[in-house]
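Structural characterization, general
What follows is each chain in one-letter form.
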Amino acid sequence: MTTAQTQELDVQPTPLALLLLGREADPASERGVDCPGDLPSPSDPDLVARARAAKEKLGDKVFVLGHHYQRDEVIQFADVTGDSFKLARDAAARPEAEYIVFCGVHFMAESADILTSDDQKVVLPDLAAGCSMADMATAEQVAECWDVLTEAGIAEQVVPVSYMNSSADIKAVTGKHGGTICTSSNAKRALDWAFEQGEKVLFLPDQHLGRNTAVRDMGLSLEDCVVYNPHKPNGGLTAEELRGAKMILWRGHCSVHGRFSLDSVNDVRARIPGVNVLVHPECTHEVVAAADYVGSTEYIIKALEAAPAGSKWAIGTELNLVRRLANRFAAEDKEIVFLDKTVCFCSTMNRIDLPHLVWALESLAEGTLVNRIEVDKETEAFAKLALERMLALP
């Protein structure tokens with residue numbers, strides 16, 4: 001349908017459509033609005049020089065964080081690279097930096113704001129860089145879930161464990177209910193701790209990390225796990241199902257890792273004899289069960305660093321990282337391919353591009369604070385409590 005036909009029919013974009021396009025804001029969502037002002041043109045040949053000049057002008061006042069999934073044109077300006085929690089801690093360790101420019105997504109910038117001092121200002125170059133997984137759980141939905149658990153008579157037995165890939169609101173709810181946060185690398189330690197505190201765990205927002213950790217790493221069965229769907233009455237579960245479960249998994253997932261399938265694994269094994277399949281634990285259970293190795297982003301990087309020359313690897317994680325690792329280790333004759341034939345970037349992570357970074361750095365260099373991410377004090381206090389419980393894990 002053409003634009004003219006749409007206008008003739010008087011078709012108006014829905015609020016959801018505008019939200020997905022980054023043209024509207026939703027306080028309960030990770031997605032925001034485009035930055036104000038005029039962005040540099042993506043075709044501007046001077047973008048790299050402009051970014052470098054603005055960063056040099058700011059000096060020690062700015063600290064640029066780059067998540068592993070960022071595109072190369074952005075990652076080249078990062079002072080440090082890493083996963084979301086590592087970057088937040090790195091920011092906290094640089095109190096002299098007035099501005100923390102986080103090249104990642106919204107929940108990561110929130111975590112950095114929680115862990116840094118009040119004098120530091122966290123900036124997200126594009127407020128529309130959200131996270132679909134984080135959007136799959138809201139504080140209101142979790143409050144409704146807690147009411148369901150209460151009505152089933154099990155709320156006092158349940159300890160919430162929230163993945164780092166969640167909003168500050170979800171981290172705060174977790175802290176209020178005596179729970180902790182986890183990363184993909186310490187999820188087992190977090191669950192071990194949680195089961196020492198209570199009989200059941202509410203794991204959110206990623207069902208796959210929760211299921212894979214419980215079944216693969218802790219020896220629980222698939223029957224011990226149920227999936228709570230916030231869009232169905234009572235989560236789509238009966239009281240008996242809730243009482244019988246050990247792991248209550250929130251119905252959420254990563255749009256990137258969730259696309260890998262068992263067919264992807266079988267296909268790459270047929271195409272590349274002797275290939276090692278290495279996937280992230282956000283992948284589905286059947287993909288994780290079929291893989292040779294499973295681990296966090298940092299685990300994936302270290303595994304490839306230690307891999308022998310001439311080895312072959314199919315990686316199930318975000319494409320920017322896989323491509324960067326393939327280029328890095330090509331000289332060592334390590335064959336590294338993307339697990340799926342279909343190209344799969346993290347679309348919201350890729351909203352942070354060079355024009356947005358240049359705009360943010362130049363604005364700061366001119367004394368204009370833009371796109372600040374600031375968590376309110378009450379939310380920050382409870383979210384920090386949950387994060388501190390994670391930091392205290394053995």
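1. Digging into the overall build of the protein chain
Per the secondary structure count, the protein chain includes 18 helices and 14 strands. Taken over the C-alpha trace, the protein chain has a radius of gyration of 22 Å; the compact-globule value for 394 residues is 21 Å, and the two agree within 12%. If one aligns the C-alpha atoms of the protein chain with their principal axes, the spans along those axes are about 60 × 55 × 50 Å. Taking all 394 residues of the protein chain together, 55% fall into the buried category. Sequence separation of at least 24 residues holds for 68% of the intrachain contacts in the protein chain that already meet a minimum separation of 6. On the protein chain, roughly 17,100 Å² of surface is accessible, and the fraction owed to carbon and sulfur atoms is 49%. Positive and negative charge centroids in the protein chain, built from 38 and 59 side chains respectively, lie 5 Å apart.

2. Here we look at the pattern of salt bridges
This structure, assessed with the given rule, holds 19 salt bridges. Among the ionic pairs, Lys61 bridges to Glu98, the shortest N-O distance being 3.8 Å. Of this pair, Lys61 sits in the loop between α3 (47-58) and β1 (62-67) while Glu98 sits in the loop between α5 (84-92) and β3 (99-103), placing them 37 residues apart in sequence. Notably, a salt bridge pairs Asp72 with Arg324, separated by 2.7 Å at the nearest N-O pair. On the criterion of sequence distance, the pair formed by Asp72 in helix α4 (residues 72-75) and Arg324 in helix α16 (residues 319-329) is long-range, its members being 252 residues apart. Asp72 sits in the partly exposed class, given a relative accessible area of 37%.

3. Description of a negative patch on the surface
Taken together, the side chains of Glu140, Glu144, Asp147, Glu151, Asp169, Asp376 and Glu378 present a region of like negative charge at the surface. Relative accessible area serves as the criterion here: at 51%, Glu378 is assigned to the exposed category.

4. Brief notes about the side chain of Arg324
A polar side-chain atom of Arg324 sits 2.3 Å from the main-chain carbonyl oxygen of Gln70. Contacts of Arg324, omitting those with residues within four sequence positions, involve His68, Gln70, Arg71, Asp72 and Ile75.

5. Quick word on the packing of aromatic side chains
By convention here, two paired aromatic rings are described through the distance between centres and the angle between planes. The tally for this structure, following the rule as stated, stands at three aromatic pairs. Judged by centre distance (5.6 Å) and plane angle (40 degrees), the rings of Tyr293 and Trp313 are tilted. With a gap of 20 residues between them, Tyr293 in strand β11 (residues 293-294) and Trp313 in strand β12 (residues 312-316) connect regions that are remote in the sequence. According to the relative accessible area criterion, Tyr293 is partly exposed, its value standing at 35%. Sitting above the plane of the Phe382 ring, Lys176 keeps its charged end 5.1 Å from the centroid.

6. Quick notes on the packing of α5 against helix α6 (residues 106-115)
One can describe the packing of α5 onto α6 by two numbers: an axis separation of 8 Å at closest approach and a directional angle of 35 degrees. You can see that α5 and α6 cross each other, and the crossing is right-handed. Residues Ser84, Phe85, Ala88, Arg89 and Ala92 of α5 form the contact with α6, whose participating residues are Phe107, Met108, Ser111, Ala112 and Leu115.

7. Notes on the sheet that holds β11
Spatially, the four strands line up as an open sheet ordered β11-β10-β12-β13, and their pairing is parallel. A single partner strand is all that each edge strand has here, and the edge strands are β11 and β13 (335-338). Where strand β10 (residues 276-279) lies against β12, four bridges are found, and the strand directions are parallel. Along β12, the bridge assignment pairs Val277 with Ala314.

8. Quick notes on the sheet that holds strand β2 (residues 80-82)
In space, the five strands of this open sheet follow the order β2-β1-β3-β4-β14, with mixed pairing throughout. The strands lining the two open edges of the sheet, one partner per strand, are β2 and β14 (372-373). Summarising the sheet, β1 and β3 pair through five bridges and their orientation is parallel. Paired with Gly66 across the bridge in β3 is Cys103.

9. Topic: the confidence of the model for the protein chain
Of the residues in the protein chain, 90% reach a pLDDT of 70 or more, and the chain-wide mean stands at 90. In this model residues 1-11 is a low-confidence stretch, pLDDT under 50, and it forms three contacts with partners more than four residues away in sequence or in other chains. Ignoring residues within four places in sequence, the model shows residues 14-22, a span with pLDDT below 50, making 15 contacts including any to other chains.

10. What to know about the environment of His285
Its location among the elements puts His285 in helix α14 (residues 285-290). Its relative accessible area of 21% is what places His285 among the partly exposed residues. Between the alpha carbons of His285 and Val201 there is a distance of 18 Å; along the sequence they are 84 residues apart. Sequence-distant contacts of His285, that is, excluding residues within four places in its chain, are made with Arg211, Asn212, Val215 and Leu222.

11. Side note on the nonpolar core
Most often, soluble globular proteins keep nonpolar side chains buried together rather than apart. Membership of the largest hydrophobic core comes to 108 residues, with the highest contact counts inside it found for Val101, Phe203, Met247, Val279 and Leu361. Of the residues forming this core, the biggest block, eight residues, is contributed by helix α17 (residues 354-365). Counting 21 residues, the second largest nonpolar core, distinct from the first, contains Trp146, Ile170, Leu202 and Leu237.

12. Here we look at the pairing of β3
The element β3 is extensively covered by neighbouring structure, given that five of its five residues are classed as buried. Side chains of β3 alternate between two faces, with Tyr99, Val101 and Cys103 and Ile100 and Phe102 buried alike. Sheet analysis places β3 next to strand β4 (residues 121-123), joined by three bridges and oriented parallel. Bridging across to β4, Val101 finds its partner in Val123. The handedness of the β3 to β4 crossover, carried by α6, is right-handed.

Cut-offs applied
- Residues numbered from 1 in each chain as written.
- Predicted model: local features only at pLDDT ≥ 70, side-chain atom pairs only at ≥ 80, totals over all residues.
- Heavy atoms only, no water.
- Helix = DSSP H or I, 4+ residues; strand = E, 2+ residues; numbered from the N terminus.
- Rg over C-alpha atoms; globule rule 2.2 N^0.38 Å.
- Buried < 20%, exposed > 50% of the residue type's maximum accessible area, 1.4 Å probe, protein only.
- Contact = heavy atoms within 4.5 Å.
- Areas by Shrake-Rupley, 256 points an atom, 1.4 Å probe, with all protein chains shown as cover.
- Lys, Arg positive; Asp, Glu negative; His and termini not counted.
- Charge placed at Lys NZ, Arg CZ, Asp CG, Glu CD.
- Salt bridge = Lys/Arg side-chain N within 4 Å of Asp/Glu carboxyl O.
- Patch = residues over 30% accessible without salt bridge, like charges linked within 9 Å, V, L, I, M, F, W, Y side chains within 5 Å.
- Polar contact = N/O pair within 3.5 Å; in protein donor to acceptor, adjacent residues only side chain to side chain.
- Phe/Tyr/Trp six-rings, centres within 6.5 Å; stacked < 30°, edge-to-face > 60°.
- Lys NZ or Arg CZ within 6 Å of the ring centre and 35° of its normal.
- Axes fitted to C-alpha atoms, helices over the stretch in contact; angles between N-to-C directions.
- Left-handed = near helix turned anticlockwise from the far one by under 90°.
- Pairing = 2+ DSSP bridges.
- pLDDT = per-residue confidence, 0-100.
- Core = buried A, V, L, I, M, F, W, Y, C linked by side-chain atoms within 4.5 Å.
- Right-handed = clockwise from strand over helix to strand, strands pointing away.

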